Amino acid sequence: MDNETQRAWSWHKQGLDGSLAGQSAAQVLGAAGWARSVGGANPYLTLFARAGIRRDQADADVAALRIHELPTARGCTYVLGAGDFAWALSLGQGAAEAQAKVLDKLDVPRSELAALEGAVLEALGAGVDRQADGRGAMDPQQLKAALGDAVRSLGEAGKKKGASTTLPAVLGLLQADGRIRRVPVNGRLDQQRYAYTAWGLAASTLTPEQTRARLMECYLGWTGGAGLKQTQWFTGFTVAQTKAALAGAGAVDVDGLWILPADADERENFAAPKEEQVRLLAGSDSLFLLRRNAADHFAPEDQGRRLGSTRLALQADLPDHPIVDRGRIIGLWQYDPGEGRMAHWLFNTPTKAVKHRIKEVEAFIREDLGDFRSFSLDSPSSRQKRIDALDAAG
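The structure displayed is predicted, hence computed values, not measured ones. (Residues numbered from 1 in each chain as written. Predicted model: local features only at pLDDT ≥ 70, side-chain atom pairs only at ≥ 80, totals over all residues. Heavy atoms only, no water.)

K.L.:
Please clarify how helix 4 (residues 55-63) should be interpreted in this entry.
P.N.:
Every α-helix carries 3.6 residues per turn, so stepping three or four residues along brings you back to the same face. For helix 4, every residue scored as buried is listed here: Ala58, Asp59, Asp61 and Val62. The arc enclosing the buried residues of helix 4, seen along the axis, measures out at 155°, which places them on a common side. For helix 4, the exposed residues set more than 90 degrees away from the buried face come down to Asp56 and Ala63. In this fold, the buried residues of helix 4 make contact with helix 2 (25-32), helix 3 (42-51) and strand 2 (67-71). Just beyond helix 4, the residue with positive phi is leucine 65, at close to 60°. (Buried < 20%, exposed > 50% of the residue type's maximum accessible area, 1.4 Å probe, protein only. Helix = DSSP H or I, 4+ residues; strand = E, 2+ residues; numbered from the N terminus. Arc of directions from axis to C-beta. Contact = heavy atoms within 4.5 Å.)

This is the structure:
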């Protein structure tokens, strides 16, 4: 398969060819991959680009627990559908345990953490009707005030290890077990201010080996095939765990890529679409993030393109958001909230389809989001130089 067809194949597997139109948010995330969050707007654009889902519907799905942001693979947070909650959450338990082990080194006994877990659950009203008794979600400061001396300060030694008190580690353990969940204070995914509420999610029935095989099957389905190192980067599995998970998923090696058997058959007869399929995506969209292979999405004639001193095809992560056609990056964009417009640089003369898509996404961001942050601290002032550089290049 040549590079152009491979890009289009990945595009197809990501549902960016229109094949996910009309699907629910949970269905999109199940088919194309969990959306990386980090307090940015990527989850919203992920859903809009693939299925035309607007922010109000996405927020309603979050409120109804049809989708949710959870720590999972490598302990990173993703937005995923309800059908994946339990088994995906179990993948993040190692990261939560690692945080607790930091406290072991600070002479905090596990019995103290267990006692604090119980106190947190009591404060959050676990097992009672919170609507009836008036108790609801509490942010960390409210919890700390309610828990009093049950939360221990770890002083300078703790600060050096990134653990100023015992509370964050306990919240991580409770969340990884599904006993509490984190909710955005204003109901939106593109910020990082959270409160916590009791949950009581039923534990996954899968063994750790089955869970790893399940993730591998999903991952290879989302990507349409990936190299061994790419699978290890996303999953965080050891070499032995990776090989066992590949076997458990029934993956086959095709030209150096591990692929699901059904995809291998389809891929062999796949042809790239002839008509334009233009999308504006976030730099952290699953098309690029799952394999961290943004360089593969530049055509040969664009491999040397630079923005300032940055050679774009040499970056593991894109410095700006991409404009993409059938898997090929054809330009970059940033949103300028001060002027309510899309700053962009197109590598070639824009077609009618490209102009239409830019205007469509510009209106979506202006009307639904107000701004487009890559992460929670991505303020308009912090990216002004990027906006100016795109304007100059364009």
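K.L.:
Would you mind going over the state of the cysteines with me for this structure?
P.N.:
Think of a disulfide as a covalent bridge from one cysteine sulfur atom to another cysteine sulfur atom. Enumeration according to the criterion identifies 0 disulfides in this entry. Cysteine 218 provides the cysteine sulfur closest to cysteine 76, a residue in no disulfide bond, and the two sulfurs are 17 Å apart. (Disulfide = S-S within 2.5 Å.)

K.L.:
Explain the environment of valine 361 to me, please; I cannot follow it from the model alone.
P.N.:
Here valine 361 lies in helix 17 (residues 352-369). Of the residues examined, valine 361 reaches a relative accessible area of 3% and is grouped as buried. With 263 residues separating them along the chain, valine 361 and alanine 98 place their C-alpha atoms 40 Å apart. Once you skip the residues sitting within four places of it in the chain, valine 361 turns out to touch Leu45, Phe48, Leu280 and Met342.

K.L.:
In this structure, what is going on with the sheet that holds strand 2? I would like to understand it.
P.N.:
Two modes of strand pairing occur in sheets, parallel and antiparallel, and in both the strands are linked by backbone hydrogen bonds. In spatial order, the strands read 1-3-2; together these 3 strands make up an open sheet with antiparallel pairing. Of all the strands in the sheet, just strand 1 (35-36) and strand 2 have a single pairing partner and so form its edges. Pairing of strand 2 with strand 3 (residues 77-81) involves 5 bridges; the strand directions are antiparallel. When the bridges of strand 3 are listed, isoleucine 67 appears paired with glycine 81. Contacting strand 1, strand 2 and strand 3, helix 2 runs over the sheet at an angle of about 115° to strand 3. (Pairing = 2+ DSSP bridges. Axes fitted to C-alpha atoms, helices over the stretch in contact; angles between N-to-C directions.)

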